[in-house]
Each structure stands twice: as C-alpha cells, then as structure tokens.
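In case you want the letters, here they are:
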Amino acid sequence: MLIDADTYQRILGEELRKLRTERGWTRKELGEKLQSGISLQTLATYELGTRQCSVVRLAELCLAMDELPQNLLARVHSRLFAHESGQVRVNLADVVADEQPELLPLRRWARGRLAAGGSADVRFDQTTLEQLAALCGLHTEELLTRLKKLSAAAL
C-alpha cells in the first residue's frame, strides 16, 4: 500500500479543521488551549495540509480538542484507503450539487439523507454500487467513474 503524502496531509488537515469547527472554536481559541505556543498561521497551514505536523504536535492538537489521536488517524486512513477495501467514498453534498440527469435517483436519496441530519460522507461497497447503478440505469463501472469525478471535482 503506497501513501500519497500530499493527499494524506490534506485529509489530515481537513479532519483537524473539522474537529475544531465542530467545537465551534476559532483557530485562536484552539491555540489558546494548547500547551505549547503556536501561531495562527502555523495552525492554518496544518489545517490546509500544506505543512507537516509532528506526532507530538498532532497529539497535542487532538487532546486539546478532546479527541484521541488514534481515532483521528483512523478516519484519515479510512478516507485515504477506502477504495482499496472495495469501497468508494462519496460526499453527498457533491451528489446533491451535481446536475447529471442519470444521477437523479441518487441525488434524491442524498437530499433526504442530508435533510434528516445524516453524515455527508458515505461509503458505498460493491453491492451497493451495483444496486445504485441499476437504479440510475447505468453500468456499475459508469456509476463508479461518475462518482469518482464528483469526488475529484470537490478536491
């Protein structure tokens, strides 16, 4: 299994930012909760994935946000390697924003799930992809290609 370092850093940054915003904190507020001094610019570069974060700093950030570092890393790993486990990760907000007529049944389901407060990030396994493809009147590979393009467009 190979790691794309840039993608890993970006996803790690997204997860750090998500943790912070879920708590309703600004970067400044998070910085004030850390043991060591950290500039707002440094914190921003961690969240943007443009700067590598040491293991100790990552642990400090996680613990300040009451998150176990291993849980954060597990989410990063899951997002990065979902396709290798026979799954495809899809952001439902991207599906809802898309206008491909063939994806209308999927778009309706995605709207309903988001309206009900469901997570925007979902993973579809092979069986689910096959069922969704049939619902959309597409071959499974065609649906997979379209979903991957949606995900890539969001990056």
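Parameters at a glance
- Sequence order as written defines residue numbering, which begins from 1 separately in each chain.
- Where local features are concerned, this predicted model is filtered to residues with pLDDT of at least 70; where side-chain atom pairs are given and counted, the filter is 80 or more; whole-chain, interface and lining totals use all residues.
- With hydrogens and water stripped out, all remaining heavy atoms of the structure feed into the side-chain values.
- In this text, helices come from DSSP runs of H or I with a minimum length of four residues, and strands from runs of E with a minimum of two, each type numbered from the N-terminal end.
- When a residue's accessible area, from a 1.4 Å probe over protein chains only, is under 20% of the maximum for its type it is buried; when over 50% it is exposed; and in between it is partly exposed.
- Pairing of N or O atoms within 3.5 Å defines a polar contact, subject to two protein rules: one partner must be a possible hydrogen donor and the other a possible acceptor, and residues neighboring in sequence count only if both atoms are side-chain atoms.
- Should any heavy atoms of two residues lie within 4.5 Å, those residues are counted as being in contact.
- In this description, one arc is meant: the one made by directions from the helix axis to the C-beta atoms.
- Ring geometry is summarised as follows: Phe, Tyr and Trp rings, the Trp one being its six-membered ring, pair when their centres sit within 6.5 Å, and such pairs are stacked at plane angles under 30 degrees, edge-to-face over 60 and tilted between the two.
- Here, a charge over a ring means that NZ of Lys or CZ of Arg falls within 6 Å of the ring centre while also lying within 35 degrees of the ring normal.
- We define a nonpolar core as any set of buried Ala, Val, Leu, Ile, Met, Phe, Trp, Tyr and Cys residues linked to one another through side-chain atoms lying within 4.5 Å.
- Salt bridges, as used here, are contacts in which a Lys or Arg side-chain nitrogen is within 4 Å of a carboxyl oxygen on Asp or Glu.

Considerations on the environment of Ala59
Among the secondary structure elements, Ala59 is positioned in helix α4 (residues 55–64). Measuring from C-alpha to C-alpha, the distance between Ala59 and Gln131 comes to 41 Å, with 72 residues separating the pair along the chain.

Concerning the environment of Gln87
Within the fold, Gln87 resides in strand β1 (residues 87–91). With relative accessibility at 29%, the residue Gln87 sits in the partly exposed group.

Considerations on the side chain of Arg107
Inspection of the secondary structure assignment puts Arg107 in helix α7 (residues 104–115). For Arg107, a relative accessible area of 7% puts it in the buried group. Polar contacts involving the side chain of Arg107 include one to the main-chain carbonyl oxygen of Gln100, which spans 3.1 Å. If we skip the residues at most four places from it in the chain, Arg107 touches Val95, Val96, Asp98, Glu99, Gln100 and Pro101.

Digging into helix α8 (residues 126–136)
Every buried residue belonging to α8 is among Leu129, Leu132, Ala133 and Cys136, and all of these are buried. The buried residues of α8 occupy an angular sector of 105° when the element is viewed end-on, so they sit on one face. The exposed set on the far side of α8, more than 90 degrees from its buried face, consists of Gln131, Ala134 and Leu135. The N-terminus of α8 is capped by Asp125, whose side-chain oxygen sits 3.3 Å from the backbone nitrogen of Thr127. Of the residues one or two after α8, Gly137 is the one with positive phi, at around 70°.

With respect to the packing of aromatic side chains
Inspection of the entire model under this criterion finds one aromatic pair. Positioned over the ring face of Trp25 is Lys33, at 4.7 Å from the centre of the ring.

Thoughts on the nonpolar core
Residues Leu16, Leu30, Tyr46, Leu58, Leu61, Met65 and Leu72 are the most contacted members of the largest nonpolar core, which totals 20 residues. Once residues within four sequence positions are removed from consideration, Leu61 is found in contact with Leu16, Leu30, Leu34, Leu43, Tyr46 and Cys53. Residues Val95, Leu129, Leu138 and Leu147 belong to the second largest nonpolar core, which totals 18 residues.

Structural notes on the pattern of salt bridges
In total, this model carries 11 salt bridges according to the counting rule given. The residue Glu22 makes a salt bridge to Arg23 at a minimum N-O spacing of 3.8 Å. In this structure Glu22 comes out as exposed when scored by relative accessible area, which is 54%. Where Arg27 meets Glu47, a salt bridge forms, and the shortest distance between an N and an O atom there is 2.8 Å. Placement of Arg27 in helix α2 (residues 27–33) and of Glu47 in helix α3 (residues 40–48) is noted, with a sequence separation of 20 residues between them. Connected via shared salt-bridge partners are Glu15, Glu67 and Arg75.

These figures capture arrangement, not role.
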